[in-house]
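# Geometric and topological summary
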Amino acid sequence: MYYFFSDFVFDTEKKQLTYQGNPVQLTQKNYDLLGYFLANNEQIHSKDELVEHVWQGRVVTDNTVDQSILKLRNILNDCHQATYIETIYGRGVQFKPKVTVSKTKQNKQHHNILLRLLPVVIVLVILAGWLLMPASNDLKPKPQLLIKTSQSDADWLQSGLDTLFSQVLNYSGSAQVVDMSDKPKYLGDEQFIKNQLTLKPRLQTIQTHIKKQNGSYQLDIIVESSEQDINRQFEHSDLSHLMAEGMRWVLSKTSHTEIAASRWMPDNDHVMELYLRAMDSVDNNQFDKARKQLELVLTEAPDFLLAKYQMAHVLTLENKHTESLALLDTLLQQPINDTLTVAVLSLKAFILDTLGQYDDALAIYEELFKNNSQNHSLARLKARYEFSQVLVNTNQSQQANTQLDIIIQHLNETENSALLADASALKGSLMQRLGHMPEAEVQLSRALNLYQQNEDVLGLARTYSALARIANHQAKYELAESYLHESLAITRNIGFRLGEGATLNELAYVKMKQGHLDEGQELAQHMQQIGIEIDYPAMQIAARQALFDVARAKKDWQVAQRHLDRHQQLAEQTNNQRALIKNKMLTLSLRADTRQLNQTSDLIQAIQTHIDQQNEVRMQPRLDWLKARIQFQQNRNQAAKDLLNEAKQQALAQEDGETLIEINNTLAEIMLSENQPQKALDVLNASAPFDPFAMPYLKLQAQAHHALGNSIKALELMNLCKLKSFDFWTPEDNDYLKALIAEVSQ
């Protein structure tokens, strides 16, 4: 049997999946799950159904099912980006592509006809691309090179040589250079190189050894590739001559290109020594010393481009931004190639962003990509990622998403898997912020796989936390907690306190949502202490919000207000605009809790303006829920119900399980106040697929059954509520339970 969907063919005879004729690797469970989806196309499948048919009824956790679906999504999306498996919240999952089934190879033969025509099409496309391509573009892929830096105790001569070779190969545009500075933190040099060789089949490594003996320099160079290892020894009394000769040989053996050595390397022995010493000073964080050495270099060789760029870099590290900007402008006014232009403009934009001149920084990136929009070199893709970060920091999520799409579309794992992982992770976080949860899961799952390949433990920790935020959003708190424990184990193992604090923030929230208020408070206090110790205001702000949430849940209004005031002070001191908007939302929730309805309209208007301007539609259902609560308190029941029903549709569309539960709870309260207990039960039952927390969900159900005259059922629900509510159980709840016991006992 053959199943055809998109450009995939699923062959049940060979037990094989192909995409455009190429095999796609599947595990047995991937195969079983996809086969079940295809055989039952267009149906909505619950987790119980999948466990029964795909796992043959074995005992597996929801997490196992969720992870299997995510892995299958990721496999399909690695071939082609599309929505293959859609989550229909409250019901299950559905396979979305149109599927054609055939017992014969007719469709397959049609597919093969297309494959036979494909070479012709490819030739035509390449020819058209060649005709339309700017003259500066090279069809031949650049070699991928990695300079194996020497041991950490290397002298200035060896350290400076390795740095200069890497700079010349990179900025001259002769090669794609894998920089050892891109090595994930906490990963050893040897393992990093081993990983890069696995990920990049074309990668060649270069190892140098230089020494001075009897007034002459001796340089040994080894170039290693998957095909062969070659080496060459050079000797000369003039250091600049030796370096130029060695670089020309490396280029002839790797990229088969030539460069104007005098433009990229000084031709003066004294200047070369000064520059190598300056690069060694930079490596050792001796920036004042490096600046003085580079000043001498530029006095002797004012046209030495790399020295000018490195001087601007050092001035930036010393916070001498005006001098750095002037030097960068001078570089831009000289004839320089595209790779160095991108580096100069990126550094200039970084400085402006650091100075708070966000519009000027964004204008630089916009001009850069407008002038040569079809150039997708690795240097430009890296610059697009930096551009997207500035856009995120200025709350321009849609524009950031556009830049990230370009990166993901034009980058593959063999070019720069680290950049692809970062771009996928950032896009996943953006999609989560914008309420697009399936796409967020796809991107974060891809990032997780890439970080695992790169052994980037910090990337893994960040991605686990991001996946936990999605699970929280969907009210899957146990799944969220499992992700967070993975992240916490990583950050504690490597002693990364900033990451530990960030994870504690997420974990405190999960504990609170499960009713463990005291545990949540302890975690928040621990996070606050870390924020103080490492002097990180953003963590202190997050801790204050968590402590506010605990106090609010305990109905300790004075303590809640104290934490809220301190949250606002910290946000104002650091000009944290997102925290200030969050503070308004927290203030609105506290006023709804305490029925202090004065000035709520100003808060609502400010939050709504932010949502409209920044397109943060994820916030809309929660804002509307708070507005409806206020309307209910003002006895405007019909307006409240209308708004809640509208918010419910938005929450469903965004897969916002948390807010959906809150909305249904409030609708049930209104129904009970109108003596409509059966309608209240109907509304509450709609929350059941999201596994809502016991309080107030079970209590509201008990009150509805009590109003219907089912006192025993109400008592049963309140007993269950007491067992599951943990720290949310109050003396008022206990009084209601006692009243039910007395009523049933009569």
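Everything that follows concerns the structure shown earlier in this document.
An account of the accompanying structure is given in this report. Since we're looking at a predicted model, the values are computed, not measured. (Residues numbered from 1 in each chain as written. Predicted model: local features only at pLDDT ≥ 70, side-chain atom pairs only at ≥ 80, totals over all residues. Heavy atoms only, no water.)

Think of a sheet as strands paired side by side through backbone hydrogen bonds, with each pair either parallel or antiparallel. Read across the sheet, 5 strands follow the order 10-9-11-12-13 without closing on themselves; strand pairing throughout is mixed. Each having just a single partner strand, strand 10 (176-178) and strand 13 (229-236) make up the two edges of the open sheet. Averaged over all pairs of adjacent strands, the angle between strand axes in this sheet comes to 25 degrees, irrespective of strand direction. Here strand 12 (residues 216-224) pairs with strand 13 via 8 bridges, running antiparallel. When the sheet's bridge partners are listed, Ile 222 is paired in strand 13 with Asn 231. (Pairing = 2+ DSSP bridges. Helix = DSSP H or I, 4+ residues; strand = E, 2+ residues; numbered from the N terminus. Axes fitted to C-alpha atoms, helices over the stretch in contact; angles between N-to-C directions.)

We now examine the sheet that holds strand 3 (residues 16-19). Pairing within the open sheet is antiparallel, and its 5 strands lie in the order 4-3-2-1-8. Looking along the sheet, the strands with just one partner apiece sit at the ends: strand 4 (22-24) and strand 8 (100-102). Taken over all neighbouring pairs, the strand axes of this sheet differ in orientation by 25 degrees on average, direction set aside. Direction of pairing for strand 3 relative to strand 4: antiparallel, over a ladder of 3 bridges. Bridge pairing in strand 4 links Thr 18 to Pro 23. Helix 1 (residues 28-39) contacts strand 1 (2-5), strand 2 (8-11) and strand 3 of the sheet and is inclined by roughly 100 degrees relative to strand 2. (Contact = heavy atoms within 4.5 Å.)

Quick look at the side chain of Asp 656 now. Note on placement: Asp 656 falls in the loop between helix 28 (637-653) and helix 29 (657-673). Within the buried core, Asp 656 has no salt-bridge partner, and the shortest N-O distance to an opposite charge, that of Arg 622, equals 5.6 Å. Ignoring sequence-local partners within four residues, the contact set of Asp 656 consists of His 473, Arg 618 and Ala 651. (Buried < 20%, exposed > 50% of the residue type's maximum accessible area, 1.4 Å probe, protein only. Lys, Arg positive; Asp, Glu negative; His and termini not counted. Salt bridge = Lys/Arg side-chain N within 4 Å of Asp/Glu carboxyl O.)

Mapped onto the elements, Thr 341 comes out in helix 13 (residues 338-354). Separated by 170 residues in the primary sequence, Thr 341 and Tyr 171 place their C-alpha atoms 9.1 Å from one another. Here Thr 341 is in contact with Leu 332 and Ile 336, once residues within four sequence places are set aside.

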